[in-house]
Amino acid sequence: MLRVPGFARLAASYTINELGDNLGVVALAILVLDETGSAWGTAALFLASRFVPAFVSPLITAKVDRIVPHRVLPALYVIEAAVFVGLAIVAVGFQLWLLLLLAFLDGTVAVTARGLTRATAARLTGPAGLLREGNAIMNVGLAVTSAAGPALAGVLVATAGVSIALLLDAASFALIAIILAVPLGWTAPEHDGEEGWRARFVAGLRYVRSDARVARLIAAEATAFVFFFLVIPIEVVYVQKTLDAGDFGYGALLSSWGVGLVLGSAVFALVRKAPTGLVLGAATAAIGVAYLGMAAAPGIVVACLASVVGGLGNGVQWVALLTTVQELVPDAMQARVYGFLESLSAAMPGVGFVLGGALAALGSPRLAFVVAGVGVLALVPVLAQAASKQLTA
């Protein structure tokens, strides 16, 4: 697998990027909360770094998706490195408006880079018949960094301070730029006949609408994001108030999900040859069942066991969805379709955050978990059926 020219560098860059993203999110959240003392400040950070970029990134992707990857990807990571140097400076002389502006720039570049990286990975591994194997390797990196990144960020911020953490983050992006800057025979995507970035953006939307299977998968996953993230803002309330488990219990719940996430990445590597519909449906169902289990949990131990199941499903679900889309989408449209998916993954959680908070306020945290579980399970047959059809259907 790693003998595919350039794939090892791409997989390494993807893993380092995910680690940097996790480090940056935690460091910036701590900084904003400490400086503003308000949850509104952290909400503004989320909107600036994730929600708003979700609407801008697809336009940027359409503009750069024809450029050879070893030129455009290093340039994007150099921009991210520069942005984080700026954020480290802002951390010393705090200005919220400037931090939000830089966070927006970073979020836009980050979503674009992830979409282009996934498209390039598919272009490298697909012709060799190693698409699922490549995704499995990249998914392991994603799972490990998602589990370890926040913990590392907490240690760095506590021991070295926010500015140093942000500068190390900048260094990680600079390292990625260096790793990817060496030409390795990569080529630009095939042309689809559309000239100009506006025309290519419209063509991407038109393609998604015209392919019923791709449209169904993307729409179902976008809806699933709402339910996946619905419980995130109320987990701390659920643990401390509903289960009376305190700070230790909250940490244990998050760690349990991380353990499941790492296990899920290993499971996907083992079942990568199984039918994608079965894998995607089972993984989605595991998350829904886990949420219902957490809703009914009498104490923190059962909740953590359910969380492991949910993390395991999480470690398989997203990569199974991406693999299915990669197998369907033509080369010329890969980056744009991934751009849409990455944008939805950034935007739709915001809807879930609002819904989860409302359900917890009007009802209880257990109600929020029930709604999340039922919502996820309702989408299982839609995702499984769309992923199970023959490519010629």
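All of these numbers come straight from a predicted model, not from anything done at the bench.

Within the protein, the regular secondary structure consists of 15 helices and 0 strands. Taken over the C-alpha trace, the protein has a radius of gyration of 20 Å; the compact-globule value for 393 residues is 21 Å, and the two agree within 12%. Dimensions of the protein, computed from C-alpha atoms along their principal axes, come out at roughly 60 × 50 × 35 Å. Across the 393 residues that make up the protein, the buried fraction comes to 53%. Within the protein, contacts between residues at least 6 apart in sequence are counted, and of these 86% link residues at least 24 apart. In the form shown here, the protein has an accessible surface area of approximately 15,800 Å², with 72% of it arising from carbon and sulfur atoms. When the 22 positive and 21 negative side-chain charges of the protein are each reduced to one mean point, those points stand 8 Å apart.

A few words on helix α10 (residues 235–242). Where α10 is concerned, the buried positions are Glu235, Tyr238 and Val239. On an axial view of α10, the arc spanned by its buried residues comes to 90 degrees, and they lie on one face. Positioned one or two residues after α10, aspartate 244 has a phi angle of 55 degrees, which is positive.

Together, Val85, Ile89, Ile164, Leu167 and Leu168 give the surface a local cluster of nonpolar side chains, amounting to about 420 Å² of exposed area. For the nonpolar patch, the secondary-structure elements that each account for two or more residues are α4 (69–92) and α7 (162–180). If one sorts the elements of the nonpolar patch by residue count, α7 sits on top with 3 residues. Take leucine 168: it is sitting in helix α7. Since its relative accessible area comes to 42%, leucine 168 is described here as partly exposed.

With that settled, consider the side chain of serine 345. Structurally, serine 345 can be placed in helix α14 (residues 334–362). A residue is classified by how much of its surface remains accessible, and serine 345, at 12% relative accessible area, is buried. A polar contact is formed between the side chain of serine 345 and the backbone oxygen of glutamate 342, at a distance of 2.6 Å. Look past the residues within four positions of serine 345 in its chain and what remains in contact with it is Arg50, Phe225 and Trp318.

Contact geometry for helix α12 (residues 276–296) and helix α15 (residues 365–388): axes closest at 8 Å, N-to-C directions at 170 degrees. Here α15 runs roughly antiparallel to α12, going by the angle between their axes. Split by residue class, the contact of α12 with α15 holds 20 nonpolar, 7 polar and 1 charged.

We now examine unusual backbone geometry. Notably, aspartate 244 is not glycine yet its phi reads approximately 55 degrees, a positive angle. In this fold, aspartate 244 is placed in the loop between α10 and α11 (246–270). A relative accessible area of 66% places aspartate 244 in the exposed class.

Contact pair helix α3 (residues 53–64) / α14: the axes reach a minimum separation of 8 Å and the direction vectors enclose 165 degrees. The angle between the axes of α3 and α14 places the two elements in the roughly antiparallel class. Crossing geometry of α3 relative to α14 is assigned as right-handed. Residues Ala54, Ser57, Pro58, Thr61 and Ala62 of α3 touch α14, and the partners they reach there are Ala335, Arg336, Gly339, Phe340, Ser343, Ala346 and Ala347. Here the residues of the contact of α3 with α14 sort into 7 nonpolar, 4 polar and 1 charged.

Time to look at the nonpolar core. Among the nonpolar cores identified, the biggest contains 111 residues, and Leu73, Leu99, Leu166, Leu217, Tyr238 and Tyr291 are the most heavily contacted of them. Residues within four places of leucine 99 in sequence aside, it is in contact with Leu28, Leu31, Val32, Leu45, Leu87, Val90 and Phe94.

What counts, and where the lines are drawn
- Residues numbered from 1 in each chain as written.
- Predicted model: local features only at pLDDT ≥ 70, side-chain atom pairs only at ≥ 80, totals over all residues.
- Heavy atoms only, no water.
- Helix = DSSP H or I, 4+ residues; strand = E, 2+ residues; numbered from the N terminus.
- Rg over C-alpha atoms; globule rule 2.2 N^0.38 Å.
- Buried < 20%, exposed > 50% of the residue type's maximum accessible area, 1.4 Å probe, protein only.
- Contact = heavy atoms within 4.5 Å.
- Areas by Shrake-Rupley, 256 points an atom, 1.4 Å probe, with all protein chains shown as cover.
- Lys, Arg positive; Asp, Glu negative; His and termini not counted.
- Charge placed at Lys NZ, Arg CZ, Asp CG, Glu CD.
- Arc of directions from axis to C-beta.
- Patch = residues over 30% accessible without salt bridge, like charges linked within 9 Å, V, L, I, M, F, W, Y side chains within 5 Å.
- Salt bridge = Lys/Arg side-chain N within 4 Å of Asp/Glu carboxyl O.
- Polar contact = N/O pair within 3.5 Å; in protein donor to acceptor, adjacent residues only side chain to side chain.
- Axes fitted to C-alpha atoms, helices over the stretch in contact; angles between N-to-C directions.
- Parallel < 35°, antiparallel > 145°, perpendicular 65-115°, else oblique.
- Nonpolar A, V, L, I, M, F, W, Y, C, P; charged D, E, K, R; others polar.
- Left-handed = near helix turned anticlockwise from the far one by under 90°.
- Core = buried A, V, L, I, M, F, W, Y, C linked by side-chain atoms within 4.5 Å.

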